Amino acid sequence: MKTYKLMKEDFPQFLSLLQEKGNLYGPVKSKNHYSFEKIDDLSKLTFDYTRTLMGLKKFVTPPKYKVKHFDKSGSEDVIPEDETNIVIGAHPCDIHAMKILDKLFLGQIKDPYYKKRRENLVIVGHSCLPDENCLCTSTGTDMVSDGFDLFLTELQDFYLVWVGSSKGLFIIMSSEDLFNDKIEMCDIAEYTSWQENRQNSFKTTIPFHLMPDIVHLIYEEDELWDQFGEKCLSCGTCSLVCPTCNCFNVEDKILIHADEVVRERMLDSCTLPYYSVVAGDHDFRPDRTKRLKLYYTHKLKEYIGKWGQPACVGCGRCVTYCPVGINVKTVSNAFYEAIQCVREVKKI
Amino acid sequence: MISDRTKLENPYEDHLATIIDYRDLTSDTRYYKLKFVEPEVQEHTGDYKPGQFAMFSIPGVGEAPFSISSTPTRPAFLEFGIRKVGSFTDALFKKKEGDTVYIRGPYGNGFDMKSMEGKDIVIVSGGLGAVPLRSVLLYLEDKRELYNNVFFLNGARTPEDMLFKEDFLAMHAREIIETHLTVDKDPTGEWKHNVGVVTTLFEKINGRVDKDNAYALICGPPVMYKFVIKELLKMEFSKKNILMTLERRMKCGQGHCGHCAIHGVYTCLDGPVFNYWDYERMVELI
Ligand SMILES: Cc1cc2nc3c(=O)[nH]c(=O)nc-3n(C[C@H](O)[C@H](O)[C@H](O)COP(=O)(O)OP(=O)(O)OC[C@H]3O[C@@H](n4cnc5c(N)ncnc54)[C@H](O)[C@@H]3O)c2cc1C
Ligand code: SF4
Ligand code: SF4
Ligand code: FES
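Just so we're clear, the structure is a prediction, and the values are computed from it rather than from any experiment. (Residues numbered from 1 in each chain as written. Chains lettered and ligands numbered in written order. Predicted model: local features only at pLDDT ≥ 70, side-chain atom pairs only at ≥ 80, totals over all residues. Heavy atoms only, no water.)

Participant: Go over the overall build of chain B, please, and point to the residues and values.
Facilitator: Check the secondary structure of chain B and you find eight helices and 15 strands. Relative to the compact-globule value of 19 Å for 286 residues, chain B shows a C-alpha radius of gyration of 18 Å, a close match. Each of the three principal axes of chain B carries a C-alpha extent, and together these read 50 × 45 × 35 Å. A buried classification covers 58% of the 286 residues belonging to chain B. Put simply, 70% of the contacts in chain B that link residues at least 6 apart link residues at least 24 apart. Of the roughly 11,400 Å² of accessible surface on chain B, 49% is carried by carbon and sulfur atoms. Side chains of chain B carry 36 positive and 41 negative charges; the gap between the two charge centres is 3 Å. (Helix = DSSP H or I, 4+ residues; strand = E, 2+ residues; numbered from the N terminus. Rg over C-alpha atoms; globule rule 2.2 N^0.38 Å. Buried < 20%, exposed > 50% of the residue type's maximum accessible area, 1.4 Å probe, protein only. Contact = heavy atoms within 4.5 Å. Areas by Shrake-Rupley, 256 points an atom, 1.4 Å probe, with all protein chains shown as cover. Lys, Arg positive; Asp, Glu negative; His and termini not counted. Charge placed at Lys NZ, Arg CZ, Asp CG, Glu CD.)

Participant: Which residues make up empty space enclosed by the protein, and what values go with them?
Facilitator: Residues and elements named next belong to chain A. In the structure shown here, the tally under the stated rule is five cavities of 30 Å³ or more. Of the volumes computed, that of the largest cavity is approximately 140 Å³. Counting residues per element, the lining of the largest cavity draws most heavily on helix α11 (residues 288-300), which supplies four residues. Residues belonging to the lining of the largest cavity are distributed by class as follows: eight nonpolar, six polar and two charged. For the second largest cavity, the calculated volume is near 120 Å³. Along its surface, the second largest cavity is lined by 17 residues, and T50, H91, C93, C128 and C134 are the ones closest to its centre. Split into classes, the residues belonging to the lining of the second largest cavity amount to nine nonpolar, four polar and four charged. (1 Å grid on protein atoms, 1.4 Å probe; cavity = no way out; pocket = protein on both sides within 12 Å on 5 of 7 lines; lining within 4 Å. Points joined across faces, edges and corners; volume = space filled by probe spheres on them. Nonpolar A, V, L, I, M, F, W, Y, C, P; charged D, E, K, R; others polar.)

Participant: Describe the packing of helix α9 (residues 222-229) of chain A against helix α13 (residues 328-338) of chain A, with residues and values.
Facilitator: The description of two packed helices rests on the angle between their axes and on the distance between the axes. Residue and element names in this part refer to chain A. One way to put it is that α9 packs onto α13 with a least axis distance of 11 Å and a crossing angle of 150°. Classified by the angle their axes make, α9 and α13 are roughly antiparallel. Both α9 and α13 take part in a crossing whose hand is right-handed. Counting all contacts with α9, which are made through L224, W225, Q227 and F228, the residues of α13 involved are T330, V331, A334, F335 and A338. Of the residues in the contact of α9 with α13, the class split is seven nonpolar, two polar and no charged. (Axes fitted to C-alpha atoms, helices over the stretch in contact; angles between N-to-C directions. Parallel < 35°, antiparallel > 145°, perpendicular 65-115°, else oblique. Left-handed = near helix turned anticlockwise from the far one by under 90°.)

Participant: Provide a residue-level description of a nonpolar patch on the surface, including the pertinent values.
Facilitator: All names here are of chain A. Taken together, L210, Y336 and I339 make up a surface patch of nonpolar side chains, about 230 Å² in accessible area. As for its placement among the helices and strands, Y336 is situated in helix α13. A relative accessible area of 31% means that Y336 is categorised as partly exposed. (Patch = residues over 30% accessible without salt bridge, like charges linked within 9 Å, V, L, I, M, F, W, Y side chains within 5 Å. Salt bridge = Lys/Arg side-chain N within 4 Å of Asp/Glu carboxyl O.)

Participant: An account of the site of ligand 3 is needed here, citing residue identities and associated values.
Facilitator: The local shell around ligand 3 consists of C242, P243, K299, C312, V313, G314, C315, G316, R317, C318 and V328 of chain A. Considering only residue class, the shell around ligand 3 consists of seven nonpolar, two polar and two charged. (Near = heavy atom within 4 Å.)

Participant: Any chance you could break down the sheet that holds strand β12 (residues 242-245) of chain B for me, citing the residues and the numbers?
Facilitator: Residue and element names in this part refer to chain B. Ordered in space as β10-β9-β8-β7-β11-β12-β15, the seven strands form an open sheet in which the pairing is mixed. The two strands at the open ends of the sheet, each matched to only one other strand, are β10 (194-195) and β15 (273-275). On the sheet, helix α3 (residues 130-142) packs against β7 (120-126), β8 (150-156) and β11 (214-219) and is oriented at approximately 150° with respect to β7. Docked against the sheet, helix α4 (residues 165-174) engages β8 and β9 (178-183), running at close to 140° with respect to β9. (Pairing = 2+ DSSP bridges.)

Participant: Explain the site of ligand 2 residue by residue, including any values.
Facilitator: In the vicinity of ligand 2 lie 13 residues, with C232, C235, G236, C238 and C322 of chain A positioned nearest. The residue inventory of the shell around ligand 2, partitioned by class, reads nine nonpolar, four polar and no charged.

Participant: Tell me about the pattern of salt bridges, and please be specific about residues and values.
Facilitator: Residue and element names in this part refer to chain A. Across all of its chains, the model carries 35 salt bridges over all chains by this definition. A salt bridge links K68 to D77, with the shortest nitrogen-to-oxygen separation between them at 3.2 Å. Here the two residues K68 and D77 agree in accessibility, since each one is buried. Three or more residues are tied together by salt bridges with common partners; here these are D82, K115, K116 and E119.

Participant: Run through the interface of chain B and chain A, naming residues and quoting values.
Facilitator: Every contact between the two is made by 39 residues of chain B and, on the other side, 47 residues of chain A. Our count for the chain B to chain A interface comes out at two salt bridges. The closest approach of N and O atoms between R263 of chain A and E63 of chain B, which form a salt bridge, is 3.6 Å. Put simply, chain B and chain A have 16 residue pairs in polar contact (both at pLDDT 80 or more) between them. Contributing elements (two or more residues each) for the side of chain B that touches chain A: β3 (53-58), β4 (62-67), β13 (261-262) and α7 (267-270) of chain B. Grouping the constituent residues of the side of chain B that touches chain A by class yields 16 nonpolar, twelve polar and eleven charged. (Polar contact = N/O pair within 3.5 Å; in protein donor to acceptor, adjacent residues only side chain to side chain.)

Participant: Summarise the side chain of S234 of chain A; cite the residues concerned and give the values.
Facilitator: All names here are of chain A. By the secondary structure assignment, S234 is in the loop between α9 and α10 (237-241). Residue S234 is classed as buried on the basis of its relative accessible area of 14%. Within the structure, S234 has its side chain in polar contact with the backbone oxygen of T271 (distance 3.3 Å). In this structure the side chain of S234 is engaged in a polar contact, spanning 3.2 Å, whose partner is the side chain of R291. S234 has contacts with T271, L272, P273, R288 and R291, leaving out every residue within four places of it along the chain.

Participant: Tell me about the environment of M116 of chain B, residues and numbers included.
Facilitator: All names here are of chain B. Relative to the helices and strands, M116 resides in the loop between β6 (100-107) and β7. Remark: the alpha-carbon pair of M116 and T245, spanning 129 residues in sequence, is separated by 16 Å. Beyond its immediate stretch of four places on either side in the chain, M116 contacts F111, I121, Y147, Y215, L217 and L243.

Written as structure tokens, this is what we have:
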């Protein structure tokens, strides 16, 4: 991976450069959370933050968007225009989440709406330091080596800029005087000691690597799940904030003033009551426990089995936002504790 | 219709189709025959497998999945059997001959008819389950010489409730496929076939199926599966050769919306046809 140095005093110029290339988005503080917003005033940007309310998914599968338009002349897909949207400030877990969404939407059958939005997006990652809700060392998503266009590691006087794609490289090449590809030994030393310090500042771990088996084996132990099912409010917040939750609903809207119809997709959640109802009002997941089972099977055991990985990137959003404390941390810990048994097991 | 969805630039592209025929099958279920409007699309009408489904769309109402009930061996049109249960189907039932709907598909894995060649096949359906299995039946009639013994066991609550009753009575008469029909109750007193639940038909085929070289294809209401599977296991069917087609809520049909997920699979991509091993592996399947 090509790596450059960008001096901190040149950072504003780098931001202006990005603004020239496309619409710039970045982390902004609103009342009680951070979110990626369009940046017109650079002073609004802040990089001293842990997590945004929603991750990068809002750029590629927004909470609500049009997919089709119907009128007298027929049906037309609403594919977004070509444009460049640059988001700066994404953390490693956000980028990992995007890689999971890419697998889902750009696998064998490509979603044309996602595809265009994804092609329009340039991701400039940014290093971060964890708080007590971050679980990414457990999920193996604390570091990222691809899935971004550029990634900035913020050190004392400079940024280390990692180039992850040709799009990223073009940005660098278009203003070469800002970047220096001579990285001194002392720069490396500063980076590695920053890295060490970061690794040491993680406070929370979960037995994530054991979870696929545990979830499988306790799947039918309903009392274990019920302690969460009974508390769950079916509010859907966990899905709204989880950067890998992508489920959507589809609805038609008739535009009264004209003979027109738009078909819209909106984020949905498997924790909501009607998620699995089929004809004849048969509900495959009639209670909250059954619905949480689906959510946590996907987060902790297998998202879609053939990918061989669960879909939690340890971002801690569910930990921060579930109003009743149901999250990957409490769920995995409860399951893990439940299997602690007094019988002595010989180590083989 | 293009069955290889991976080749499409836009797998959500839908195509206008005209209702060329329809009739009531029962008091709440209707038969529809459709033909695509654009000749380039119509040319590919037969590009699907029995057991696959299509997404219907009516602008302003929405989309809903329906099993294809016709056979790809008769590629001039598509047929469906649709029960009126809610908003989409209400709107569809208002449509008449010559009206149009949008269709995209085909979706789902469908039945692998090739792998069953040379084998015995037992088809068991109940209620609305006859819709997807009718596709298999017609396919088998057209390619009968490629298969060994074929049995069809179909049940309905009453003669009035039997979908495709005329078709199946004709099938019984044609004797290309050994057809056994049953009803739970016969209030009319005019029913000339079996009375009793669908599992009572198993005695008609007992000892006549080569269990080591046989497939069973099942579709029906959730309660039916358990009893039918019990009979098949008694006959020592191999678990991987017991195939069933299932229903889930579906919003996209191609692995994007998440609604049809069961554990780590999507019913719309990995199903709707599953085998009995899958069922034992995945608790929530039925
Ligand atoms: C693979 C597959 C094949 C099917 N084949 C047939 C068929 O051949 N014939 C037939 O009559 N029906 C079939 N169905 C069921 C059919 O899709 C539903 O009856 C239809 O979507 C109901 O739409 P509605 O708007 O009329 O009902 P609604 O007003 O939406 O609701 C009526 C009931 O249908 C449920 N429902 C709504 N949307 C869906 C959905 N997308 N998938 C499943 N259930 C839903 C609702 O939860 C409610 O219980 C199939 C379903 C699947 C998944
Ligand atoms: S788990 Fe928490 S956030 Fe999710 S639906 Fe239940 S109460 Fe809401
Ligand atoms: S499950 Fe929780 S911690 Fe894991 S990715 Fe989703 S919101 Fe983040
Ligand atoms: S119907 Fe959308 S994922 Fe299966």
